[in-house]
Amino acid sequence: MQRRYMTVLCLLVTLMVLAFSTQRGFTQDSSTANCPTLVQQALQALGPNCGGLGRNTACYGYNKVAATFSQAVADDYFTKPSDQAGLSSVASLSTSPLDTQLNEWGVAVMSVQANIPDSLPGQSVRFILLGNSEMQNDVAPPDTQAASQPITVTTTTGSNIRSAPTRNANVLGSVPANTELTADGISDDQQWVRVVFNEAAVGWISRALVTSGSDIDSLPVVNDVPQTPMQAFRLKTGVAGLTCADAPSLLMVQGPKNVQIQITANGVDVQLGSTLVLQTTDKNKFQIATIDGTGRVGNLVIPAGFMTEAPMGDDGNVNGRFGAVLPIPKSELDKLQVLENIPPDILNYEVNVPNNAVVIAPRPTPVPTSATPNTTGSADCANFKATSPLDGLNYGVNTFYWDPAPGATSYRLNVVGFGTKDSSSTNTTFDLFDAGQQFQMSWFVQALVNGQVSCTTPTVTVPREALPPPFSASWQCGPGKDEVTVNYQNVPPGSNAVAIEIYTLELRQEYPVPPRSGSKTFGNFTRSGGRVVASNGQSIDLPNLTCRAG
């Protein structure tokens, strides 16, 4: 009897343990399952909480957000969703990691002016801080730039717009005489005016080339790159507490369309005309990923769907070189899909995250073409494929290779969106210099039999290297008496000719492009000014030069 009692007791205990374990597992799974619901709830709240956010303002998007300020504030200041604060007073912002038990997942929204001039009102850079993330404002309040009243200036002659207030700066573009431009600043030597042209680009024009019905001297001095609140910052992201693929911790930065934005993140200057995702990793690295458009760090271009990272020092700033630009892994892209749920009225434009990672295959060894004559009217396409380049394209001349399709009488290289080129062999060169500022391109090859397409290789999509150096020109006396030599380098994409003008000689001489750099010598020269003009409209002014007294 006692043995039977002990057996029943053991059975009951076992059942209780199993029930407890099952219930515990169910509770954990349910908690994790709540993650997408909470994230969706948080993102949906951003519209009513932070829609219509003014420039240089932070918004408490969703619970829980913590902030510190550079001045004393009330106890209830910026403590609940929909609260707003001026960025000039924000010292730091941090958002809480996912916690389904407390119903917390911090989201903060910022409308940042960055380097957008006051003459482009209403436009701003959108910062979305998510999850276990912290930002420190590296622009001190005394350094913030006060808003100024822009004025209209009018060019008196055809004029260059330069990237800095000096003739040594590269030319961003040119405008004809009688062009009205909006000006919002002046250099400290009073010789250059900062203007907006082509509705979005910002540059400098010589004051001597413009007039205005307003007082140009009233413009504020803006010699350096303007630093507005949160344009420079340090970011730290991590993983803590409960988490799931739908609850990332990161900073998303999105500029207005067609405006080049400059920010300084963790000590490095970052340019974007796009949507970027910034994170720090558990390996103490700073990571930049491009969701759409392009990002740039120095001369390193980061196309859409790609990322790069660099080591950080103890102070949180980058202290080493960025590594290779690599495709964003599929696991990361899956995590980033949640960004598409951010309400459109919070952003400059809707986010479209790539669904699949860019596949870059290793470069195989090219196989020599077959000399087998075609007697059937078709080609053998069993092994016909593109072989190089599969990992990246030069900005200029590239040599393309493919495996043969025996029986083909010729081949046709297709560079998508740019052009084609026929070849009688299994390779050909193609100059992509004039293919625009695309940072990712696709190509494929067709096997032809007597001019008819027999088969086509799969399309290859690869990144393209960074832009070449800027267009520049100079001149000097010599080498002979009464001679002057004009040098020009890197004639810009889209130009098929370059012209040299020497004013006192009433000379305008054109030269074909390529080559895109050259040196030309002219006689009967005493003194003059001049310029070098690319056929796409960009020009370089040559300063007044005297080669002998007269």
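Scroll up for the structure.
Read on for an overview of the structure. All of these numbers come straight from a predicted model, not from anything done at the bench.

## Some words on the side chain of Glu104
Working step 1: Positionally, Glu104 belongs in the loop between β4 (90–95) and β5 (107–112).
Working step 2: Of the side chains with opposite charge, Lys64 lies nearest to the buried Glu104, which makes no salt bridge, at 4.4 Å.
Working step 3: Those residues in contact with Glu104 that lie beyond four places of it in its chain are Leu38, Asn63, Lys64, Ser96, Pro97, Leu98 and Asp99.

## Observations regarding the pattern of salt bridges
Working step 1: Under the definition given, this model contains 13 salt bridges.
Working step 2: A salt bridge links Asp83 to Lys80, with the shortest nitrogen-to-oxygen separation between them at 3.3 Å.
Working step 3: Here Asp83 falls in the buried class, since its relative accessible area comes to 14%.
Working step 4: Exposure remark for Lys80: the relative accessible area of 46% places this residue in the partly exposed category.
Working step 5: Across the pair Lys385 and Asp403 runs a salt bridge, and its minimum N-O distance is 2.6 Å. Within this pair, whereas Lys385 is found in the loop between α2 (330–336) and β25 (386–388), its partner Asp403 is found in the loop between β26 (397–402) and β27 (410–415), the two being separated by 18 residues in sequence.
Working step 6: Under the relative-accessibility criterion, Asp403 is labelled buried at 6%.
Working step 7: Through salt bridges with shared partners, a single ionic network connects Glu501, Arg508, Glu510 and Arg531.

## Notes on the packing of aromatic side chains
Working step 1: With the rule as written, the count across this model stands at eight aromatic pairs.
Working step 2: Judged by centre distance (6.3 Å) and plane angle (85°), the rings of Phe69 and Phe78 are edge-to-face.
Working step 3: Judged by relative accessible area, Phe78 falls into the buried class, the value being 5%.

## So, the nonpolar core
The nonpolar side chains of a soluble globular protein tend to be buried with one another.
Working step 1: Counting residues in each nonpolar core, the largest one holds 41 residues, and the members touching the most others are Phe127, Phe233, Leu278 and Phe286.
Working step 2: Core analysis: the second largest hydrophobic core is formed by 34 residues, Ala45, Leu53, Ile291 and Met307 among them.

## Examining the state of the cysteines
Working step 1: The full count for this structure, using the stated rule, is three disulfides.
Working step 2: There is a disulfide in this structure between Cys50 and Cys59, and the S-S distance comes to 2.0 Å. Taking the sign of the torsion about the S-S bond as the criterion, the disulfide between Cys50 and Cys59, at about -80°, is left-handed.
Working step 3: Since its relative accessible area comes to 0%, Cys50 is described here as buried.
Working step 4: Taking relative accessible area as the criterion, Cys59 reaches 0% and is therefore assigned buried.
Working step 5: Covalently, Cys381 is tied to Cys455 through a disulfide, its sulfur atoms 1.9 Å apart. Of note, the bridge from Cys381 to Cys455 carries an S-S torsion of about -85° and is left-handed in sense. One end of the pair, Cys381, is in the loop between α2 and β25; the other, Cys455, is in strand β31 (residues 452–456), with 74 residues separating them in the sequence.
Working step 6: According to the relative accessible area criterion, Cys381 is partly exposed, its value standing at 26%.
Working step 7: On the basis of relative accessible area, Cys455 is assigned to the buried category, the value being 12%.

What counts, and where the lines are drawn
- Residues numbered from 1 in each chain as written.
- Predicted model: local features only at pLDDT ≥ 70, side-chain atom pairs only at ≥ 80, totals over all residues.
- Heavy atoms only, no water.
- Helix = DSSP H or I, 4+ residues; strand = E, 2+ residues; numbered from the N terminus.
- Buried < 20%, exposed > 50% of the residue type's maximum accessible area, 1.4 Å probe, protein only.
- Lys, Arg positive; Asp, Glu negative; His and termini not counted.
- Salt bridge = Lys/Arg side-chain N within 4 Å of Asp/Glu carboxyl O.
- Contact = heavy atoms within 4.5 Å.
- Phe/Tyr/Trp six-rings, centres within 6.5 Å; stacked < 30°, edge-to-face > 60°.
- Core = buried A, V, L, I, M, F, W, Y, C linked by side-chain atoms within 4.5 Å.
- Disulfide = S-S within 2.5 Å.

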